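# What the coordinates show
Given next are the chains, with one letter for each unit.
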Number of protein chains: 6
Amino acid sequence: MVYITRKEHFNSAHRLFRPEYSDEENLRVFGKCSNPLWHGHNYLLMVTVKGEPSRETGFVMDLKKLSQIIADKVLEKLDHRNINLEVDFMKGKLASTENLAIGIWNELEPGIRCEGAVLHSVKLEETENNIVEYFGII
Amino acid sequence: MVYITRKEHFNSAHRLFRPEYSDEENLRVFGKCSNPLWHGHNYLLMVTVKGEPSRETGFVMDLKKLSQIIADKVLEKLDHRNINLEVDFMKGKLASTENLAIGIWNELEPGIRCEGAVLHSVKLEETENNIVEYFGII
Amino acid sequence: MVYITRKEHFNSAHRLFRPEYSDEENLRVFGKCSNPLWHGHNYLLMVTVKGEPSRETGFVMDLKKLSQIIADKVLEKLDHRNINLEVDFMKGKLASTENLAIGIWNELEPGIRCEGAVLHSVKLEETENNIVEYFGII
Amino acid sequence: MVYITRKEHFNSAHRLFRPEYSDEENLRVFGKCSNPLWHGHNYLLMVTVKGEPSRETGFVMDLKKLSQIIADKVLEKLDHRNINLEVDFMKGKLASTENLAIGIWNELEPGIRCEGAVLHSVKLEETENNIVEYFGII
Amino acid sequence: MVYITRKEHFNSAHRLFRPEYSDEENLRVFGKCSNPLWHGHNYLLMVTVKGEPSRETGFVMDLKKLSQIIADKVLEKLDHRNINLEVDFMKGKLASTENLAIGIWNELEPGIRCEGAVLHSVKLEETENNIVEYFGII
Amino acid sequence: MVYITRKEHFNSAHRLFRPEYSDEENLRVFGKCSNPLWHGHNYLLMVTVKGEPSRETGFVMDLKKLSQIIADKVLEKLDHRNINLEVDFMKGKLASTENLAIGIWNELEPGIRCEGAVLHSVKLEETENNIVEYFGII
């Protein structure tokens, strides 16, 4: 079993808040991340897939294919977008890095399975100091 | 003459657009950076000051003071804010990295001069691949 | 289960040596790290906590709280300090990165448990080439 | 149980191809990585070893010894070399990052075991976006 | 005057040698970089352009255009190539980082001038420890 | 004219203080950097040399020679040392990053001149956020 990881980037706007809270309550719970006029990040995404290297190619999975799946299913939806307002798989959810990593896992898993590989983890850095990793439901 | 640099970070939302353009024109000129619902970045800011080291302290300028000026004049206004809508010194300007670097220079220069030091450059990374540096009007 | 990581930094002096050894023996075993007049590092600390994201906040644990616990229990004691002489939880121990990571785990674990989260790992980089990770007693 | 990691670097040339394929078939399967006149990378290697810290030294394993084993068994053979043509343990294998990580594991494991430590993983970055990790046969 | 920088990457094989030298002489002068079967690097390229931000766009130069010029004139020729054997503008030259930076300058300068901007510098990192910068003939 | 830069690292202990001050005064002026029992850093050193590439080698200066001069004149004296107590060229000076960069310049300049090259700058990072650059007396 070998693990391969592809790093990608996207730049998005978001806001942490609950619609039923007042701005003051949101500020108390979520701090400046609740700013009603949005802020944003350069997200760094690391997708890890596991499997045995093919005898034919030496690859666990062709990284160009993995990169294409990430582009189609994740970057196309998130890059230069507003996570709260424009991303279908985040509708009705808090736009925390945790929920975003789970959402990205769910977007990626079927396409990676179709290619005969196994998604191992989705790691998401909101800033270089704040990092989330999700391994699916175990 | 010695040059000292302080790195700081801020996370903001912005949009590149001209209000007199249609969304289509903005998209043609500014690409996905013109998304009307905003996107954002982890900006990396490097402020360089020059001078002779003090005999008393060995410092060109106390980096804690420089860091405090940057916090008061720049981070307070930009961090977790919408650059187009909430930043006084960017009102009426295109929110390009170039204009932002010039704006930050103008915010910082008087306070640094007050401390007896000379502002040399403001360097601003929007992403790790897109970097702007401004040295003032020479 | 989601894993969140907070990165922090501290700058400390230390020395690798056994008091019962002569300087020559310490030099032979620990190399230049045994220099009797100390040396130091910019330590990079990564604390990973695991749990399920809260329905209320979308957070496994509020990173501001995690950061505060790290500041109170670890940075306050280690930053700009001499690890051999000034850090209570390292008294009588060799100041290796391994022992320091274990010590930091023991400092952090009760406070993180109090917040309802589970400490998963403490990763400590002494230099960018020398890295230690500790997962507790398993 | 504590995990320690040593980072090292090497710069090599390689090519992805199958000798029984035509250049066109290799290009279709391996893309520009199949260029017959080679290309190359700055490989980043992270070797992780696990064990209990020694009471005598505080070390899981002396990183100078680990670094020496990596130099003798891996860097000496790979650094400034052609992976396809000059590396004994890669003869007859596709020079993919996956196969290279497995080959490096096999080179390192006996020497690390001799030192009383346990090799945990070999992580290899071909570029900062393409990363492979191998944990041995489990 | 504002300076903007675009970072790009390419992965190439090369060899440092003089054809009139024996392998032994090349080894003495160029060390392991003279390996006759090649080695390679992940080159990091930083291209800096200067000018006044446009009133229309806020840009010194559209980074997408700059990126396109770098792709067409430099990456297309260098990425996944053998610098000694396949790159027209390096024919007959020693494949040192210095000569490569000068060659890249000469490839880029006319296209950037056509866009009304001024090329300021070409910075090229062969490894993270070896860096060359060229400012043209002054 | 081409500029080449070599990056090196050293790990040292230091303290910012004036001996004629009390500990309280030192704390007021230098903050926690004045801790009497020392602290330390992973210093990152970038030495830039300028000249014309040799027709014989394509090099402004052989980076192995530059690296050797830095090792002999700087790293040998500073690495795993106490800057205040053990470094001859820092005796009697405040151990600020500014003074250290000037001291390193003076150590390196004659040896680089002997090799027919011109020292352009000494850049020293105490932490990734605090950086000093010195260009000599101009």
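The preceding data block contains the structure.
Residues numbered from 1 in each chain as written. Chains lettered and ligands numbered in written order. Predicted model: local features only at pLDDT ≥ 70, side-chain atom pairs only at ≥ 80, totals over all residues. Heavy atoms only, no water.

## Comments concerning helix α1 (residues 23–30) of chain C
Side chains that are three or four residues apart share a direction in an α-helix, a result of its 3.6 residues per turn. This is how it is decided: For every residue, the accessible area obtained with a 1.4 Å probe (protein chains only) is divided by the maximum for its type, and the residue is called buried under 20%, exposed over 50%, and partly exposed between those limits. By definition, any uninterrupted DSSP run of H or I lasting at least four residues is a helix, any uninterrupted run of E lasting at least two residues is a strand, and each is numbered from the N terminus. The directions from the helix axis to the C-beta atoms form the arc being described. Should any heavy atoms of two residues lie within 4.5 Å, those residues are considered in contact.
Residues of α1(C) that are buried: C:N26, C:V29 and C:F30. Seen along its axis, α1(C) keeps its buried residues to an arc of 75°; they face one direction. Exposed residues pointing more than 90 degrees away from the buried face of α1(C) are listed as C:E24, C:L27 and C:R28. Packing partners of the buried residues in α1(C) comprise α2 (63–78) of chain D. Where α1(C) terminates, the next one or two residues include C:G31, which has phi positive at roughly 65°.

## Considerations on the interface of chain A and chain B
Basically, it comes down to this: Buried area, as used here, totals the accessible surface that two parts lose on assembly, with accessibility defined by a 1.4 Å probe and the loss added over both. A carboxyl oxygen of Asp or Glu within 4 Å of a side-chain nitrogen of Lys or Arg is what we treat as a salt bridge. Pairing of N or O atoms within 3.5 Å defines a polar contact, subject to two protein rules: one partner must be a possible hydrogen donor and the other a possible acceptor, and residues neighboring in sequence count only if both atoms are side-chain atoms. We call Asp, Glu, Lys and Arg charged. Ala, Val, Leu, Ile, Met, Phe, Trp, Tyr, Cys and Pro are nonpolar, and the rest, Gly among them, are polar.
On the chain B side, the residues contacting the 22 residues of chain A number 22 residues. Summed over both sides, the interface of chain A with chain B buries roughly 1700 Å², with 50% coming from carbon and sulfur. Across the contact surface, chain A and chain B share two salt bridges. Residues B:K32 and A:D79 are paired through a salt bridge, measuring 2.7 Å at the closest nitrogen-oxygen approach. Linking chain A to chain B there are 17 residue pairs in polar contact (both at pLDDT 80 or more). A breakdown of the residues in the side of chain A that touches chain B according to their chemical character gives five nonpolar, eleven polar and six charged.

## Quick look at the interface of chain B and chain F
How large an interface is tends to be reported as the accessible area lost when its parts come together. In this assembly, 19 residues from chain B lie in contact with 19 residues from chain F. Buried surface at the junction of chain B and chain F, summed over both partners, amounts to about 1500 Å²; 52% is from carbon and sulfur atoms. When residues of chain B are sorted by the area they lose upon contact with chain F, B:Y3, B:K7 and B:E56 head the list and together hold 30% of the total. Across the chain B-chain F interface, the total number found is zero salt bridges.

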